[in-house]
Amino acid sequence: MKAKRLSKVQRSSRAQRVDRITTLPQTIIEIILCLLPIEEAARTSILSREWRFKWTTIPKLVFLEDTVKMSTEKWHLSNRKKISELERERREKEMRCKLFYAIHQVLLQRQATIQEFTISIYPDETCFEIDQILLHLSRNHTLKRLTLDFLGCNSYRLPLCVFSLHHLTDLHLEHCYVDPKPIFNGLGSLVRLTLNETWISKKPLLHLLSGCPSLKSLCLTQVKLENQIHENRNPSIMKLFKCLTHIEHLTTWGYITRIVQDWMPELPPSLIHLKYFCIEELCFGPSNGFAFLGVLLKCSPNLEKITLEIETDDGYNEIESDNREEKFSLILEKYSDVWLEHLSELEILYYRNVKLELDLLKFILARSPNLKKVKFRTWMFGSREDLKMLRTLLRPPRARLIEFIFV
């Protein structure tokens, strides 16, 4: 017996009952589409007439060259053919053209403003396509979050139009050359700034930071400070701290610490809002990492968490250790009045239990009455004496919760 065929009205009603996603609010649909890769979000346009333009209003766009590269490599593996160097370059250019064409098509079909934009790409010598994209964004959209990663190529110079994005709250830059000109009027809404493996001169860096009065989170890692790095050090740290009066989270690395001298005639401004700082590759070798750390501890009375990543290739040896220990003890004596009343968590990465590191640990513990957690990632491979000494040093009530991680 044949089943009774449903009428068009019945089929439509049944489809509406089953399709619950389409009836969701537009904001919820946009959140769902933002979780998909942009190419997958665009494919939803073929679902129905109602879905044809939904993807054109999502506020977040992410373009990754590696995704295009992976699809191309899969095609190469499927063909399993040996190709010449010239052919490989031709295909790479074709891949780049494909990516830029996709970006332009997406931007042209936009029906709403873009709030977050991410591009990760290997730039060529000219980079004019990227300049055009950034210029379009600066003129037609009120961007709030911008991430630019040029994948190991430091030759790309950031265009001036980026510094005219006055609605930015988050700016993340990797592998590029940053040079805000004197005409730069500041990014008044910027809250978070990340510069990773970027080239920038000392003066433009201070100029950039001084133009961000709302900055609360700053990350300077692997930054290449050009020229004058060993000149006029004291004014540098003074100016740097003056630019960070409202900072709450600070991440930097050992090379930046060289802008501080061992002895300073006066302390820089206090960072009363700073709650967390992290120093990557803190060097116990012939640098001024000790002095920078002492100044930072002295000027940050409201710290809640500290993360220190010890540089394991700092040239530390027994011959020079006496001189460094004497130098370090003088610095600790100078900042002996440091008091970290609000510090509750301390994390030390790649701890080796040499005397300098142990003295630093004792210094912080003695001045942290409310410390609750100490976390270690250590290079000690099961040395019983070292571990026994360490546990004795950190026994309760000094630190109620201790977590050891061995690598």
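Owing to the predicted nature of the structure, the values given are computational and were not obtained by experimental measurement. In this numbering scheme, every chain counts its residues from 1 along its sequence in written order. In view of the model being predicted, local features appear only for residues whose pLDDT reaches at least 70, and side-chain atom pairs are presented and counted only at 80 or more, with totals across whole chains, interfaces and linings using the full set of residues. Each side-chain value is derived from all of the structure's non-hydrogen atoms; neither hydrogens nor water enter the calculation.

*Asks:* An account of the nonpolar core is requested, with residue identities and associated values reported.
*Replies:* Within the largest apolar cluster, 101 residues are counted, with the highest numbers of intra-cluster contacts made by Phe117, Leu146 and Phe277. Excluding residues that lie within four positions of it along the chain, phenylalanine 117 makes contacts with Leu61, Phe63, Ile133, Leu137, Leu143, Arg145, Leu146 and Thr147. Residues enter a nonpolar core if they are buried and are Ala, Val, Leu, Ile, Met, Phe, Trp, Tyr or Cys, with the set joined through side-chain atoms within 4.5 Å. Any residue under 20% of the maximum accessible area for its type is buried, any over 50% is exposed, and the rest in between are partly exposed; the area is computed with a 1.4 Å probe on protein chains only. Residue contacts are counted whenever heavy atoms from the two residues lie within 4.5 Å of one another.

*Asks:* Break down the packing of aromatic side chains for me, citing the residues and quoting the values.
*Replies:* Ring pairs are drawn from Phe, Tyr and Trp, using the six-membered ring of Trp, whenever the two centres fall within 6.5 Å, and their geometry is named by plane angle: stacked under 30 degrees, edge-to-face over 60, tilted for the rest. Under the criterion given, the structure shown has three aromatic pairs. For the ring pair phenylalanine 150 and tyrosine 156, a centre distance of 4.3 Å and an interplane angle of 40 degrees mean the geometry is tilted. On the basis of relative accessible area, tyrosine 156 is assigned to the buried category, the value being 2%. Relative to phenylalanine 184, the ring of phenylalanine 163 lies with its centre 5.6 Å away and its plane at 70 degrees, an arrangement referred to as edge-to-face. Placement of phenylalanine 163 in the loop between β3 (145-149) and β4 (170-174) and of phenylalanine 184 in the loop between β4 and β5 (192-196) is noted, with a sequence separation of 21 residues between them. Look at phenylalanine 163 and you get buried, because its relative accessible area is 6%. Under the scheme used here, helices are H or I runs from DSSP no shorter than 4 residues and strands are E runs no shorter than 2 residues, and both carry numbers assigned from the N terminus.

*Asks:* Tell me about the confidence of the model for the protein chain, and please be specific about residues and values.
*Replies:* Confidence scores labelled pLDDT are given residue by residue by the predictor and lie between 0 and 100. For the protein chain, per-residue confidence averages 78 on the pLDDT scale, and 73% of positions sit at 70 or higher. Mean pLDDT per element in the protein chain: helix α4 (residues 65-79) is the minimum at 54, and β4 is the maximum at 95. The low-confidence segment residues 71-78, where pLDDT is below 50, has four contacts with residues more than four positions distant or belonging to other chains.

*Asks:* Run through the pairing of strand β12 (residues 345-351), naming residues and quoting values.
*Replies:* Taking burial as the measure, the seven residues of β12 include six buried ones, the bulk of the element. Whether two strands pair depends on DSSP finding at least two bridges between them. Strand direction decides the pairing type here: β12 and strand β13 (residues 373-378), joined by six bridges, are parallel. Bridged to glutamate 347 within β13 is lysine 375. Once you follow β12 into helix α11 (residues 355-366) and on to β13, the crossover reads as right-handed. With the strands pointing away from the viewer, any crossover whose connection runs clockwise from the first strand over the helix to the second is right-handed.

*Asks:* Give a detailed account of empty space enclosed by the protein, specifying residues and quantitative values.
*Replies:* Of the two site types, the cavity is a set of points on a 1 Å grid over the protein atoms alone where a 1.4 Å probe fits but cannot get out, and the pocket is an open set with protein on both sides within 12 Å along at least five of seven lines, each lined by residues with an atom within 4 Å of a point. Grid points are joined across faces, edges and corners, and a volume is the space filled by probe spheres set on the points. Going through the model one piece at a time under the given rule, you end up with four cavities of 30 Å³ or more. Each pocket or cavity is described by its volume, and for the second largest cavity that value is around 50 Å³. Among the elements of the structure, α9 (289-298), α10 (318-334) and α11 are those that each provide at least two residues to the lining of the second largest cavity. With four residues, the top contributor of residues to the lining of the second largest cavity is α9. Classification used: nonpolar for Ala, Val, Leu, Ile, Met, Phe, Trp, Tyr, Cys and Pro, charged for Asp, Glu, Lys and Arg, polar for all others including Gly. Each residue belonging to the lining of the second largest cavity can be placed in one class, and the counts come to nine nonpolar, one polar and no charged.

*Asks:* Which residues make up the side chain of threonine 251, and what are the values?
*Replies:* Along the chain, the position of threonine 251 falls in strand β9 (residues 249-253). A residue is classified by how much of its surface remains accessible, and threonine 251, at 15% relative accessible area, is buried. Those residues within four positions of threonine 251 in sequence are excluded, and the remaining contacts are Leu218, Cys219, Leu220, Thr221, Tyr276, Cys278 and Glu280.

*Asks:* I'd love a proper account of the state of the cysteines, names of residues and values included.
*Replies:* Any pair of cysteine sulfurs within 2.5 Å is marked as a disulfide. For the structure on display, the rule yields zero disulfides. Distance from the sulfur of cysteine 212, which forms no disulfide, to the nearest cysteine sulfur (cysteine 243) is 9.0 Å.

*Asks:* Break down the pattern of salt bridges for me, with residues and values.
*Replies:* We count a salt bridge whenever a side-chain nitrogen from Lys or Arg sits within 4 Å of a carboxyl oxygen from Asp or Glu. Overall, the coordinates contain eight salt bridges when judged by the stated rule. Salt-bridge contacts for glutamate 116 lead to arginine 145; the nearest nitrogen and oxygen are separated by 4.0 Å. Here glutamate 116 is found in strand β2 (residues 116-120), whereas its partner arginine 145 is found in strand β3, with 29 residues between them in sequence. Under the relative-accessibility criterion, arginine 145 is labelled partly exposed at 38%. Where aspartate 337 meets lysine 298, a salt bridge forms, and the shortest distance between an N and an O atom there is 2.6 Å. Of the two residues, aspartate 337 sits in the loop between α10 and β12 while lysine 298 sits in helix α9, which places them 39 residues apart along the sequence. Residue classification places lysine 298 among the partly exposed residues on the basis of a relative accessible area of 28%. Residues joined by salt bridges that share partners form a network here, namely Glu116, Arg145, Asp170 and Arg192.

*Asks:* How would you summarise the environment of cysteine 34 if you had to cite specific residues and measurements?
*Replies:* By secondary structure assignment, the location of cysteine 34 is in helix α2 (residues 26-34). Cysteine 34 sits in the buried class, given a relative accessible area of 19%. The residues contacting cysteine 34, other than those within four sequence positions of it, are Ile58, Pro59 and Lys60.

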